[in-house]
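Tertiary structure, described
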Amino acid sequence: MAKLTFKRGSTPLLLHTQFAAGKSLTYDEAYALGVRHVTQRVADLKKKFEEAGVECPLMVLEETNKQRTGTHVRYFYKGFGCPLENAPGARKY
């Protein structure tokens, strides 16, 4: 069985560490952590799971953006203790 491998200091590793700790991120929160182009980085993370032959636990939730008008997407892992996984509207990435 293949396993997930990440390059030390890589953005997918940073995202994986956040999500595996039961945390979630939006674009603005990721930007504050130094992650640019979060949509592409999340896609890279999903690709890591696909390459390893492991089901990807990534989920998304669209919510109202309180800092600006409109909505934004919040990313997180299912099954890692994030309270959002049972929220209405949460879906697989």
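What counts and what doesn't
Residues numbered from 1 in each chain as written. Predicted model: local features only at pLDDT ≥ 70, side-chain atom pairs only at ≥ 80, totals over all residues. Heavy atoms only, no water. Pairing = 2+ DSSP bridges. Helix = DSSP H or I, 4+ residues; strand = E, 2+ residues; numbered from the N terminus. Buried < 20%, exposed > 50% of the residue type's maximum accessible area, 1.4 Å probe, protein only. Arc of directions from axis to C-beta. Contact = heavy atoms within 4.5 Å.

This paragraph deals with the pairing of strand β1 (residues 58-64). By the bridge criterion, 7 bridges tie β1 to strand β2 (residues 71-77) in an arrangement that is antiparallel. Paired with Met-59 across the bridge in β2 is Phe-76. Pairing analysis gives 2 bridges linking β1 to strand β3 (residues 91-92), with the strands arranged antiparallel. In the strand pairing of β3, Met-59 is matched with Lys-92.

Right, let's talk about the pairing of β2 for a bit. Of all 7 residues in β2, 5 are buried; the element is thus mostly enclosed. As consecutive antiparallel partners, β1 and β2 are separated by 6 residues, and within that stretch Gly-70 has a phi angle of approximately 100 degrees, a positive value.

Taken as a whole, helix α1 (residues 11-20) has its buried residues at Pro-12, Leu-15, His-16, Gln-18 and Phe-19. Considered in projection along α1, the buried side chains sweep an arc of 165 degrees and stay on one side of the axis. Check the buried side of α1 and you find it contacts α3 (38-52), β1 and β2. Positive backbone phi, at 85 degrees, marks Gly-22, one or two positions downstream of α1.

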